[in-house]
Each structure stands twice: as C-alpha cells, then as structure tokens.
Amino acid sequence: MTTSFRASVSFLNDPNLQIPTFHGFKSVSPSASPLTLSRNAFQLPSLTRSLSLIRAVSTPAKPQTATEKRSKVEIFKEHSNFIRYPLNEELLTDAPNINEPATQLIKFHGSYQQYNRDERGSRTYSFMLRTKNPCGKVPNRLYLTMDDLADQFGIGTLRLTTRQTFQLHGVPKKDLKTVMSTIIQNMGSTLGACGDLNRNVLAPAAPFVRKDYLFAQQTADNIAALLTPQSGFYYDIWVDGERVVSSEPPEVVQARNDNSHGTNFTDSPEPIYGTQFLPRKFKIAVTVPTDNSVDLLTNDIGVVVVTDEAGEPQGFNIYVGGGMGRTHRLETTFPRLAEPLGYVPKEDILYAVKAIVVTQRENGRRDDRKYSRMKYLISSWGIEKFRSVVEQYYGKKFEPFRELPEWEFKSHLGWHQQGDGALFCGLHVDSGRIGGKMKKTLREVIEKYNLNVRITPNQNIILTDIRASWKRPITTALAQAGLLQPRFVDPLNITAMACPAFPLCPLAITEAERGIPDILKRIRAVFEKIGLKYNESVVVRITGCPNGCARPYMAELGLVGDGPNSYQIWLGGNKSQTSLAQTFMDKVKILDLEKVLEPLFYHWKQKRHSKESFGDFTTRIGFEKLKEYIEKWDGPVAPARHNLRLFADKETYEAVEELAKLQNKSAHQLAMDVIRNFVAASQNGKSE
C-alpha cells in the first residue's frame, strides 16, 4: 500500500510506536504485517516547537514490496500524471471507446464508459456524464444547458440521481469534449462525480430560509470545495487548462492548506489526495436534526448541524462508516450503517472532515477494491481505534455526541413557503427520469419564470423562488405534463427508487428502472386484493446488482438483482431510513413475486400493531415465521358475500369499538371474530 504516516513528536517518544496498515480479511497475504515506526524513521532537524510535527511526503513513501499488493486501478492512478494519461491520448483516437486505464481514469472526470447491452453481437459505446451539484443546487442557466445537451448529444432524457446530481446518458466519445466544456462554461462541473475521491456532498434540497438549513447547505458547499481536486487535470483535458471556477471562502483555503497535524502532501499539486487519491469512492452528507431526506447513515461521513435553543448553529455531530455496496454471497462484504464518532464546534468541521478522509487515505485497503470503502476499515479496527487515529490528524479530542431528536424521512414534495416570501414546489419524478412531455414542460416553466432548481436525494426535483401569483399557472402546466401534486401520486411511488440498470449499466444483472413501474403496479394490486387501503405504503427500492446505488438495503422491501429476471429480497428497513434491512430470500423470479409478497402483506395487515410499518412488522415477527407464512399460504380469506349490518345502534358500536382498540382491531373485525367463534363453538356443541 502506498502510505506515508505522520505523528506528533509526543507520540514518537515511544520507540516502538505502531500505526498498523489495515489488512482486514483473509484475502490479504498472511505475511503482511503492521508497519513499525521508530523515532529514527523520520529525519527531524531538531525537536524545537516549530518543527514539532512531521511534514508529509509525496507518495509513494517507500518502494512497494511483495507483500504490499495493489489493485490494477492503483497502478493506473500512479502512472497517470494526476489522472491525465493515457486518457488524454485515448480521447484523440478514432475508436468509439477508450482502453482500460483510461476507462478507470475518466471516472474521476465524472464519466463512465458504457455500451448498449440490449444489442447482441456488437457493442455500441457511449458515455454517461454525471454532474457535481453540492446540496443538489442547479442554477437556471445550468438546467437549461443540461436540457439542451440531452437532446443534442444524449438519448433525449435527463436523469436525477440519488446523490442530487444529473446523469446524461448516451454521449458519443467524439462529443465528450464539447459536452464537458459546455457544462463547465455554464456554471456546472462533473469533476469528482465519480472515481476514488469525495463524491457529491448531500444536503436537504429544501430552500428553507432558516438558519439551520442554510448553515447545513453552506457547510456542504464548503466540504465539497475542500475536497475538490486541485491539480488541474480536469480543466487541462476538457477546456485546455482554462479554469472556470469561482473564488473559495477563505476558511476553505485555510483548512486545505493547513498541515499542522501532518495531513497534507507537501509540494504536491494534490495536497490532500496525493498521487493515489483515495482507496475508493467517498460519500458525505450534511443535514439538520429530524430531516433524514439524505439517508444520512449510508454515507462514509454524516454531519448533523447542532443548534442552541435560539436556533443558532453551534457545531456538528459526526457519524462515520456507512456504505451500501456488497457482493452477492460473499459474507465478508456487507452494507453498513454509519455510527457516532463525536461532536465538533462549528469552526472545526472542515478540519475534522479532512482528518477522517486522511485516515481512510492512509489506512484503507488498496489491494482489493471489494474491501476498500471506509466501512471495512472501521469494521476491522472498531470505532475507538478509528477515533483515536482520526484525533491525531484532527489535533483534538472529539467531544461527546449531542442528543438529537428522532429522524424522519422528509420528501419536500408539494408547495411550501421558503420563508422569504417566495414559494417552492417539490415534484415527484418516477425513478428520476425526465423525458418526453414532462421534460418539455419543465423546461418551459423553468425558462419562463427564470427558476432555479434543486435535485433531491430521492430522485425528485424542486422548483425554487416562485412568486405566489405564479402558483396557479405553474400547477396547471405541470399537471398537464403528469407532474402532479403528491396527493395525486400513488403513495408507493412517492418513496420508491430504482437504479438505471439495463440497458446501459455494465454491472446490471437484471432490470431496475425499466422494471419498477410494473412491479409497483403489481404491489398495488396485491394491496387491493387483500384489503390494504390506498394511502398505505411500503418503501420499495430496486437495484439491478448488489452495489446498492438506490440504497435498497435501507428499504422496507428491497429487491436486489441476483440473476436474469431474478431478485434477492431484503426486508426490515424503516420509513425514517435508520434501520438496515436483512437478506430474506435469494433468487426470487420476477414472475413469482406475488407468491412471496401476498402472504407477507396479508399477515402484516392482520397481525400488525397499531400504526406498525411493514418494515418494523417483519423485524418483530422474524424471518422464520415470515417464511412459514409463505409456505402455508393458500390465499387470503374470502370476503363476506353478504353485507350484513352488525350494529343496530350507536351505543353498541361504540362499546365494541373500545374493546377492539385493545386488540388493535376495528369494531367490524372484532364483531366478526366474536360471531365466527360463537358459530364454531355452537357447531361443536360447546356453546355456553
């Protein structure tokens, strides 16, 4: 592994100080051992106060040895001249595709090479571009630009992602530079939207003019700026070296350049990332108490604004170690929820985030990318050791976690007051795919009223800064294009998500985005068959592979592609996105979904506690009992054929209703149970 460690002189007083490299699982060579650092391992001119900290060195810190295996992506990065070569040369060839090293490097520029998997016998290559939009903010000018580019160079649609960004599919290689440069020149960027570095930083998309929301969004912007690559490779390739960037807040520049605790590579164009960048992708979300619209616990770092009684931001609670990706039937890979690390004052957040990133940079695995996310480092080390190492780079101890209220999922759909006299309107978009009449109408509205836009982490879109007088004409125009108010959208669709999967994702095993409309209709049909009300819902998320891009492992019902037309079923997440689902069944064919879902939903309806969600029900009952329900399922009890009136007077009804509440039943259900029991006992000659 390419590493360079730093420590303060106080730690070097121990001549046998060890800061072990994370090796984790059995796939690492058994001969690998921790790196021992002694007082003589570094050349210190003196132990004066001004030189009391060891300066960073450029990677690699020492020659690679036989025991320090690295993945081929690490080799590509090392020889790339900071993510330039051979991508710069491959883009100049006439071939429709690029070679393997360039395919890995272009991810850092915000693009993936893809091909149409619906075709047989040949491959039609194209590129997906993903934008970088901290907090999901999209200026009016950028939205209109993306809309144009989708028609001129893409497949005619835009896609809203679960990380508050756009994806533009189907761009030919020959048009990449034109598209990239156009995005850059119109207030946009794709830099770091993919690759082994910090991805788009999430924050609640709602444009509330409230101190906590504004502070969370500003913090997300600052973290994104702090962790943006500095070596210029992006601009060199796409706009011939001309940087089109706005000035950065001074606190961001100061935090990036600060090396008082040995976090930086000195004399490097990438002071935080070095030549190797991070071992794998890195995800951060910032939010305010109660608002879990960002799926906070699925991120490598989760940051929560803490305010005083007057609503004034004071600092942040920090969570670490979340992540969704895994590999089917490889138990050493797993989804994981982030856990509390500690609290920091508001002026320290950039330094704390930087210390966490550097801890992962120095200790995350670089030999096997399946285990390279920070969640595996924390799982191996334990949170106490991880906190201790982070504190060395942070230069302080973390304070105790501040108490927080319960989390809620907030969709921010519908019409709301911003707090400054203007309105915003949150619109549901199935699977985030904007096309056809919807795309045309959205553009017309956004262009006519000069609206800015925000993308939500649930693949929806928010139109902001709307005058009250515009509400009616905008509502009418949107409704005619199928962009309805949330009360007119099926509740199942409101919380459902799916990844793109087929035909363009090279990792897809089965359908997700193309399959979810039919699956949701089938679930609704099951609801109707067994008597669940229309306003009842479950959180459904579907992915075409186990990577978890639509976060299915947080769903009440997660479907994860594990074969052709086949899904692994996960149960047990909850509506507030604070509980991890578990594997329930493998390889359920899509045609057999009702055989599984019908008995589960029926018994949920019959046996749930008051207001108990489906996810909580499946957790309480347990998977063994749930599988028994499926095995013994003969269909729902047929509804009564006769509409018999059970209650002759109001008093009797109210008395039965009170008794029914004690058993979590309706008055009608209790009355029918009593009648059935009486009839059964009489027939057996046992009536009393």
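Residues numbered from 1 in each chain as written. Predicted model: local features only at pLDDT ≥ 70, side-chain atom pairs only at ≥ 80, totals over all residues. Heavy atoms only, no water.

Under an unreviewed UniProt entry, the name given to the protein is Sulfite reductase [ferredoxin], chloroplastic, and the organism recorded is Lupinus luteus. Looking at the Catalytic activity (unreviewed entry) heading of the UniProt record, one finds this comment for the protein: "hydrogen sulfide + 6 oxidized [2Fe-2S]-[ferredoxin] + 3 H2O = sulfite + 6 reduced [2Fe-2S]-[ferredoxin] + 7 H(+)". Heading Subcellular location (unreviewed entry) of the UniProt record for the protein holds this comment: "Plastid, Chloroplast stroma, Chloroplast nucleoid". (UniProt positions renumbered as here; feature names shortened; annotations may be inferred.)

Helix and strand counts for the protein come out as 21 helices and 19 strands. Within the protein, buried positions represent 56% of all 688 residues. Put simply, 68% of the contacts in the protein that link residues at least 6 apart link residues at least 24 apart. Just so you have it, the protein exposes about 30000 Å², and 52% of that area is on carbon and sulfur atoms. (Helix = DSSP H or I, 4+ residues; strand = E, 2+ residues; numbered from the N terminus. Buried < 20%, exposed > 50% of the residue type's maximum accessible area, 1.4 Å probe, protein only. Contact = heavy atoms within 4.5 Å. Areas by Shrake-Rupley, 256 points an atom, 1.4 Å probe, with all protein chains shown as cover.)

What follows covers the side chain of H328. Counting through the fold element by element, H328 comes out in the loop between β8 (313-320) and β9 (339-345). The class of H328 is buried, set by a relative accessible area of 14%. A distance of 3.4 Å separates the side chain of H328 from the side chain of R326, its partner in a polar contact. Among all residues touching H328, those that are not within four sequence positions of it are I509, P546, V560, G561, D562 and Q568. (Polar contact = N/O pair within 3.5 Å; in protein donor to acceptor, adjacent residues only side chain to side chain.)

With that settled, the discussion passes to the sheet that holds strand β11 (residues 423-427). Read across the open sheet, the five strands follow the order β3-β13-β14-β11-β10; overall the sheet is antiparallel. At either margin of the open sheet sits one strand with a lone partner, and together these are β3 (137-138) and β10 (414-417). Pairing between β3 and strand β13 (residues 453-455): two bridges, direction antiparallel. Along β13, the bridge assignment pairs K137 with R454. Each of β11, β13 and β14 (461-466) touches helix α13 (residues 436-448); the most contacted strand, β14, lies at about 25° to it. (Pairing = 2+ DSSP bridges. Axes fitted to C-alpha atoms, helices over the stretch in contact; angles between N-to-C directions.)

Further remarks concern the pattern of salt bridges. Inspection of every chain in the model, using the stated rule, returns 46 salt bridges. D147 is the salt-bridge partner of R443, the closest N and O atoms lying 2.9 Å from each other. In this pair, R443 is assigned in helix α13 and D147 in helix α5 (residues 140-152), connecting sequence segments 296 residues apart. When its relative accessible area of 18% is taken as the criterion, R443 is described as buried. (Salt bridge = Lys/Arg side-chain N within 4 Å of Asp/Glu carboxyl O.)

Moving on: the environment of G482. Relative to the helices and strands, G482 resides in the loop between α14 (471-480) and α15 (491-495). Sequence separation between G482 and M438 is 44 residues; the distance between their C-alpha atoms is 6.7 Å.

Turning next to unusual backbone geometry. The omega torsion of the bond from Y85 to P86 falls at 5°, within 30 degrees of zero and hence cis. In this structure, P86 sits in the loop between α2 (72-78) and α3 (87-90). Looking along the chain, the bond that leaves F502 and enters P503 is cis, with omega of 10°. Examined against the element boundaries, P503 turns out to sit in the loop between β15 (497-498) and α16 (516-530). Backbone geometry places Q164, a non-glycine residue, at a positive phi of 65°. One non-glycine residue, M187, lies in positive phi territory at about 75°.

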